[in-house]
Amino acid sequence: MPKDEFTPRTFSVVGTRPLRPDGIDKVTGRARYGADISAPGMLTGMVLRSPHAHARICSIDTSVAAAMPGVKAVITRADFPVHPENNGTADVLDNCMADKKALYDGHAVAAVAASSRRAALDALATIKVVYEVLPHVLDVDEAMKLDAPILHKGRKQEGVPADVSDNVLTRTEYGHGDPEIGFQMADLVIERQFKTAATHQGYIEPHSCLATLGSDGQGDLWVCTQGHYMARNTCAEILGLDSGCLRVTPSEIGGGFGGKTTVFLEPTALLLSQKSGRPVKMTMTREEVFRASGPTASTSIDIKIGMTKDGTITAAKGDYRYQNGAYEAMNGTLGAMTGFAPYDPDHVKTVGWDVVTNRPKAAAYRAPGAPMAAFAVESVIDELAYKLGLDPIEVRLKNAAREGTKSAYGPTYPAIGLEATLKAAKSHPHWSAPLGENQGRGVACGFWFNFGGDTCVSLMVNPDGTVSLSEGNPDIGGSRAAMSMMAAEELGIPMERVRTIIADTAALGQNEVTDGSRVTFAVGLATIKAARHAIQIMVERAAMTWGIDPEAVEWVDGAAQPAGPNAGKHPPMSLAEIAAIASNTGGPISGHFEVNAEGAGVSFGTHIADTEVDPETGAVKIIRYTVFQDAGKAVHPSFVEGQLQGGAVQGIGWALNEEYIYGKDGTLQNAGFLDYRIPVASDLPMIDTAILEIPNPGHPYGVRGVGETGIVPPLAAVANSVSRAAGVRMTSLPMSPPKVLAALKKM
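Definitions and cut-offs
Residues numbered from 1 in each chain as written. Predicted model: local features only at pLDDT ≥ 70, side-chain atom pairs only at ≥ 80, totals over all residues. Heavy atoms only, no water. Helix = DSSP H or I, 4+ residues; strand = E, 2+ residues; numbered from the N terminus. Buried < 20%, exposed > 50% of the residue type's maximum accessible area, 1.4 Å probe, protein only. Pairing = 2+ DSSP bridges. Axes fitted to C-alpha atoms, helices over the stretch in contact; angles between N-to-C directions. Contact = heavy atoms within 4.5 Å. Patch = residues over 30% accessible without salt bridge, like charges linked within 9 Å, V, L, I, M, F, W, Y side chains within 5 Å. Areas by Shrake-Rupley, 256 points an atom, 1.4 Å probe, with all protein chains shown as cover. Salt bridge = Lys/Arg side-chain N within 4 Å of Asp/Glu carboxyl O. Lys, Arg positive; Asp, Glu negative; His and termini not counted. Charge placed at Lys NZ, Arg CZ, Asp CG, Glu CD. Phe/Tyr/Trp six-rings, centres within 6.5 Å; stacked < 30°, edge-to-face > 60°. Lys NZ or Arg CZ within 6 Å of the ring centre and 35° of its normal. Core = buried A, V, L, I, M, F, W, Y, C linked by side-chain atoms within 4.5 Å. Disulfide = S-S within 2.5 Å. Expected span 1.5 Å × (residues − 1). Parallel < 35°, antiparallel > 145°, perpendicular 65-115°, else oblique. Left-handed = near helix turned anticlockwise from the far one by under 90°. Nonpolar A, V, L, I, M, F, W, Y, C, P; charged D, E, K, R; others polar. Right-handed = clockwise from strand over helix to strand, strands pointing away.

Some words on the environment of Gly88
Inspection of the secondary structure puts Gly88 in helix α3 (residues 87-96). Overall, the relative accessible area of 39% leaves Gly88 in the partly exposed class. Once the C-alpha coordinates of Gly88 and Asp557 are considered, the two residues, 469 residues apart in sequence, prove to be 49 Å apart.

Here you go:
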């Protein structure tokens, strides 16, 4: 569809801060999360997982387990009925249940359904798996070498050179101009290599689902997910079902951040249910979440940037090597696209490499691939500014992408807000505040694309004048409040008169996953259009009642009224009045809208971080942090602030503490929150936020997604701050105390 143009207007509901509609249920415990769902006769499903990082599965004997009391079903990969033709779906199946090889520590190899958890655990202990342990590889640079252990043969795509191993599945290249010419124009050129560790999204709720599937192929699935339509379609393809025969209902979700945009347990639970004839519930332990669900990619990145004495970037090159775990992903591609996206160099070239290793398949973490790329690029820009004696914000302003800039990854930008965020940061009191001993200040910019995609919304006007809105995207960031507000704004009624629910897959058409910062934009657009559809019907009903043409009626402040004196002297009919007589004027009133939304509008942010480094221990403390981000239009500013703060906190953890630690045997050593430390409230200051509103021309209200950009700048902002506080450039994340102390000792 063509883009929906932004039209300036005065808002009465949008931009306010009403109480969140799901708040009472969540604080009183009434909200039902994935593990809260149960069914009569329910069995407990559990998974046997590989203890090896890479091993050929020679045989699996489940006979003893199948004969044990209380065990109702046992399955291995051999029990799955089809092999999907689509490589992506085939990889999802293989990740859910290993076939010929276990590709990482924690890879599922068998599963049981039993009358109790104890019975299931006992059964798992009797399953005999004979493995041939194979060499493994965990590091991206090692995995690219020709002599590296190979995970998959024959998967290397066209364009990948012959001098790297078959673990390199894709190579992508972007840019324009000739960087070599640009480097000759520079007064200073800096080239550095950067490393980032794999990190987990750290959601509190583990993966959980309840499945029923009959021999007739009719099934129901209750699941904590960011996309229940995705879960339906993927499970149906894996199990050879018609998608319309599987109804999927999303639970409340206790955090996802991109980590619940695929399936891990669901096909297994459905197959166990079909084999046992009983409902099957499966919930991961925390250890399983870490070992077997997707963390981020870890990376090795080379950045080279040239700059003149006045701060002009003359050339930029980036080589982005991302390990994506055991299966194909496009994190390296996204890194190559996003790294230089905030800037406008005449000469730029980026190359992205997507590589497989013996780790769990990488999943999205807010803006997949972008934080690592920004860490590397923004670190070099900061170092150039420091060595040339230039203000780091002024350098970024001088080189900032603006409306009309041809981006480093190809498209030309429409109206964007990067310059506004930089100017806001420059004028904020934080930027000029004094620093103490062993303290440093860092700044960094970040970019994310934002997406639209398939969206379907239905809006019903009830007989009493209340409104019921159904959307098809799980609420992970306040979308029910935002949709209710936009519907109320358009209809001209109080938000309290609108209730938004998340419908199951049988109630609405296809909806994309809640990811890509798409929901407030795409579902909001569809909500506005569905409300306008309902308004059109109500205008026609009022016209019918008054005996005039619908063109002579307009909708103002929640009521139909004559458009002018020639339309007659009829008193306005409110939405509630029209709804009350709907049965006599044509029947129920509802508005619908289905769309593949375009015009999402890219997003930019700028962060300032102050840190203090203990020279004796290497410990880093965040002492002040401020986020500046363009939201287009903040529908509910409190939710927007929460998204910006959440992204910053997660990025701080990524920068300072978080990492997957593997032993020499390739097994994960810190599969739990005791040893994998995420930031807690006592580690952090209050995260200050400044919301800027540069309208997105592709949305009627100017909305841009905000959920992902907030995690892009923190790695670099914190690293730049620590580097200035410590007096040494930090190029490897996380900047744990031992790593910082070692860098200090090398000075």
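Observations regarding the sheet that holds strand β19 (residues 498-502)
Taken in spatial order, the 4 strands line up as β19-β18-β17-β23 in an open sheet, and their pairing is mixed. Of all strands in the sheet, those with a lone pairing partner are β19 and β23 (589-597), marking the two edges. Strand-to-strand twist across the sheet, computed as the mean angle between neighbouring axes with direction ignored, equals 15°. Where strand β18 (residues 467-471) meets β19, 5 bridges bridge the pair, whose relative direction is parallel. Across the sheet, the residue bridging to Ser470 is Ile501, located in β19. Its contacts with the sheet place helix α16 (residues 519-546) against β17 (453-461), β18 and β23, and it is angled at close to 145° to β23.

Examining a negative patch on the surface
Taken together, Glu437, Glu612, Asp614 and Glu616 make up a surface patch of like negative charges. The exposure class of Asp614 is partly exposed, given its relative accessible area of 32%.

Here's the deal with the packing of aromatic side chains
Enumeration according to the criterion identifies 17 aromatic pairs in this entry. Residues Phe290 and Phe673 carry aromatic rings whose centres are separated by 5.5 Å and whose planes lie at 85° to one another, so their mutual orientation is edge-to-face. Of this pair, Phe290 sits in helix α9 (residues 286-292) while Phe673 sits in the loop between α19 (637-656) and β26 (687-692), placing them 383 residues apart in sequence. Following the ring pairs from residue to residue traces out a cluster consisting of Tyr409, Tyr413, Phe447, Trp448, Phe449, Phe451 and Phe604. Positioned over the ring face of Phe183 is Lys304, at 4.4 Å from the centre of the ring.

Thoughts on the nonpolar core
With 91 residues, the main nonpolar core has Ile303, Ile305, Tyr625, Val718 and Met735 as its most contacted residues. Looking at which element gives the most residues to this core, the answer is helix α11 (residues 370-387), with 11 residues. Among residues more than four places away in sequence, those in contact with Ile305 are Phe183, Leu188, Val189, Ile190, Ile313, Ala315, Ala316, Phe340, Val377, Val380, Ile381 and Leu384. By size, the runner-up hydrophobic cluster in this structure holds 53 residues, among which are Met483, Met495, Val539 and Trp555.

What about the sheet that holds strand β20 (residues 553-556)?
Across the sheet, 3 strands lie side by side as β20-β21-β22; this open sheet has antiparallel pairing. This sheet does not close on itself; its edge strands, each paired only once, are β20 and β22 (573-574). Where β20 and strand β21 (residues 559-562) come together, 4 bridges link them in antiparallel fashion. Bridging across to β21, Glu554 finds its partner in Gln561. Against the sheet, α16 makes contact with β20, β21 and β22, and its axis sits at roughly 130° relative to β20, the strand it touches most.

Re the state of the cysteines
Scanning all chains against the criterion turns up 0 disulfides. Cysteine Cys96 is unpaired, with the sulfur of Cys235 as its nearest cysteine sulfur at 7.5 Å. As a non-bridged cysteine, Cys456 has Cys245 as the owner of its nearest cysteine sulfur, 20 Å distant. Under the relative-accessibility criterion, Cys456 is labelled buried at 6%.

What to know about the pattern of salt bridges
Enumeration over the complete set of coordinates arrives at 47 salt bridges. In this structure, Glu489 and Arg9 form a salt bridge, with 3.9 Å as the shortest nitrogen-oxygen distance. Here Glu489 is found in helix α15 (residues 479-491), whereas its partner Arg9 is found in the segment before α1 (23-28), with 480 residues between them in sequence. Taking the shortest distance from any N to any O, the salt bridge between Asp79 and Lys275 comes out at 3.5 Å. With a gap of 196 residues between them, Asp79 in the loop between β3 (71-75) and α3 and Lys275 in helix α8 (residues 266-276) connect regions that are remote in the sequence. If you follow the salt bridges from partner to partner, you end up with Arg20, Asp22, Lys26, Glu252, Asp475 and Arg480 in one network.

Here's the deal with α15
Given a rise of 1.5 Å per residue, 13 residues ought to cover 18 Å, and the 18 Å separating the end C-alpha atoms of α15 matches this to within 8%. Among the 13 residues in α15, 13 count as buried, and that is most of the element. Looking at the residues trailing α15, positive phi occurs at Gly492, about 80°.

Side note on helix α10 (residues 331-338)
With 8 of its 8 residues buried, α10 lies for the most part within the structure. Within α10, burial applies to Asn331, Gly332, Thr333, Leu334, Gly335, Ala336, Met337 and Thr338.

Considering unusual backbone geometry
Cis geometry is adopted by the peptide bond preceding Pro734, which originates at Leu733 and carries an omega value of 5°. Locating Pro734 in the fold gives a position in the loop between β27 (732-733) and α21 (737-745). Phi angles above zero are rare outside glycine, and Phe257 is one such case at about 60°. Within the secondary structure, Phe257 is located in the loop between β11 (246-250) and α8. In this structure Phe257 comes out as partly exposed when scored by relative accessible area, which is 27%.

Brief notes about the packing of α19 against helix α20 (residues 714-726)
Relative orientation of the contacting elements α19 and α20 amounts to 55°, with a least axis distance of 8 Å. Viewed along their axes, α19 and α20 adopt a mutual orientation that is oblique. You can see that α19 and α20 cross each other, and the crossing is right-handed. Here Gly647, Ala648, Gly651, Ile652, Trp654, Ala655 and Leu656 of α19 come into contact with α20, specifically with Pro714, Leu715 and Val718. Tallied by class, residues from the contact of α19 with α20 come to 8 nonpolar, 2 polar and no charged.

Some points on the pairing of strand β24 (residues 603-613)
Where burial is concerned, most of β24 is hidden: 10 out of the 11 residues are buried. As paired elements, strand β16 (residues 439-448) and β24 share 10 bridges and run antiparallel to each other. Bridging across to β24, Cys445 finds its partner in Thr606. Remark: 6 residues form the turn of the hairpin made by β24 and strand β25 (residues 620-630), two consecutive strands paired antiparallel; Gly618 in that turn has positive phi of roughly 80°.

Comments concerning the pairing of strand β10 (residues 219-223)
As a general feature of sheets, a regular strand has side chains that alternate between the two faces. Burial within β10 is extensive, with 4 of its 5 residues counted as buried. Here 5 bridges tie strand β9 (residues 208-213) to β10, and the two strands are oriented antiparallel to one another. Across the sheet, Thr212 pairs through a bridge with Asp220, a residue of β10. The hairpin formed by β9 and β10 contains 5 residues between the paired strands, and Gly217 there has a positive phi angle of roughly 85°. Here 5 bridges tie β10 to β11, and the two strands are oriented parallel to one another. Within β11, the position partnered with Asp220 by the bridge is Arg247. As for the winding sense of the linkage, the β-α-β connection from β10 through helix α7 (residues 228-239) to β11 is right-handed.

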